[in-house]
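Spelled out, the chains give:
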Amino acid sequence: MNCFGFDIFEFDIETGLIRSGYIIISIKLKGAMEMNILSVNNVTKYYGKEPVLVKALNGITMEVEAGSFTAVVGTSGSGKSTLLHILGGLDTPTSGSVIVDGQELGGMEKNELAIFRRRKIGFIFQNYNLIPNLTVYDNIVLPVELDGRKVDSEYLTIIVQTLGLADKLNRKPVKLSGGQQQRVAIARALAAKPAIILADEPTGNLDSHTSQEVISLLKSTGRTFHQTIVMITHNDEIAQSADRAIRIEDGRIVESRW
Ligand SMILES: Nc1ncnc2c1ncn2[C@@H]1O[C@H](COP(=O)(O)OP(=O)(O)O)[C@@H](O)[C@H]1O
Ligand SMILES: [Mg+2]
């Protein structure tokens, strides 16, 4: 708690008296900072070397409020996936810093970062990243079990039913369509009830009806568990319905709309 104070003099119209006093103003600085669960400071990411240097991110600075839903839009190759991977500590920036829930990712040991990521962040990857020799069920509960936690079966049932996966739990991912695999990836991200969900076009392979259902599910679990969602999308309707939309072009934020 940080405090500062100053003298006040107050003229009381009714009594004609001048009163003086001392006001102490307390600012919960820590509380204010915790409002932003993600803080990105001047992040760049370069791939390769001259003459084939690719500047994927060119100085991204942004804050994401806890519990909010941010949509990230932009043309292909603009740097959206790179940004998402860096936000979640899957990739390291060339320069700049990323602070997640008060912890700077760059200052963490590899193992520490892996545990932090598993507990805090749920990724929904563009290419699903499912493990082929595990069943759908085992894929979904893997992050929770790796963390030595117990699966919340009641909650899992809701997720699995909403995502239409209830009768596919014993199948291997290869037996599923692209859209179904995408839904498994979403279920896996949600199962661990992470504080932050980073999703790379999670509805890219779903029809518009299923997309809407998935977005509704993400929003309602987001509200229930006070989750922060950062989602890359090409769907204007989804971007419109977010609390905030960020447009990235050539590795820069060119527009930010609340
Ligand atoms: N591992 C990598 N090695 C080299 N270049 C990469 C790599 N990953 C991404 N890029 C390049 O960085 C730029 C941004 O890519 P990406 O973040 O995937 O864009 P988006 O997700 O917006 O389509 C592109 O030019 C892409 O080719
Ligand atoms: Mg991408």
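Described in the following lines is the structure provided in the data block. (Residues numbered from 1 in each chain as written. Chains lettered and ligands numbered in written order. Predicted model: local features only at pLDDT ≥ 70, side-chain atom pairs only at ≥ 80, totals over all residues.)

A look at the overall build of the protein
- Along its length, the protein carries eight helices and twelve strands.
- The long-range share in the protein, meaning contacts at least 24 apart out of those at least 6 apart in sequence, stands at 68%. (Helix = DSSP H or I, 4+ residues; strand = E, 2+ residues; numbered from the N terminus. Contact = placed C-beta atoms within 7 Å.)

A short note on unusual backbone geometry
- Glu-50 connects to Pro-51 through a cis peptide bond whose omega is 10°.
- Relative to the helices and strands, Pro-51 resides in the loop between strand E3 (36-47) and strand E4 (54-65).
- A positive phi angle is found at Asn-42, which is not glycine, with a value near 50°.
- Summarising the element assignment, Asn-42 is placed in strand E3.
- When the 13 C-beta atoms within 10 Å are taken as the criterion, Asn-42 is described as partly exposed.
- In this model, Glu-201 sits at a positive phi of 45°, which is unusual for a non-glycine residue.
- Note that Glu-201 resides in the loop between strand E9 (196-200) and helix H7 (208-224).
- By the C-beta count within 10 Å, which is 21 here, Glu-201 ends up buried. (Buried ≥ 20, exposed ≤ 12 C-beta atoms within 10 Å, placed from the backbone.)

Thoughts on the environment of Thr-82
- With respect to the element layout, Thr-82 can be found in helix H2 (residues 80-87).
- Beyond its immediate sequence surroundings of up to four residues, Thr-82 is in contact with Lys-45, Ala-56, Leu-57 and Asp-91.

Thoughts on the sheet that holds E4
- Taken together, the four strands give an open sheet; going across it, the order is E4-E3-E6-E7, and neighbouring strands pair in antiparallel fashion. Edge positions in the sheet fall to E4 and strand E7 (103-104), since each of these pairs with one other strand and no more.
- Relative to strand E6 (residues 95-100), E3 runs antiparallel, the two being bridged by five bridges. Looking at the pairing, Thr-44 lines up with Ser-95 of E6.
- Sitting on the sheet, H2 touches E3, E4 and E6, and the angle it makes with E3 is about 125°. (Pairing = 2+ DSSP bridges. Axes fitted to C-alpha atoms, helices over the stretch in contact; angles between N-to-C directions.)

Nothing here speaks to function; it is all geometry.
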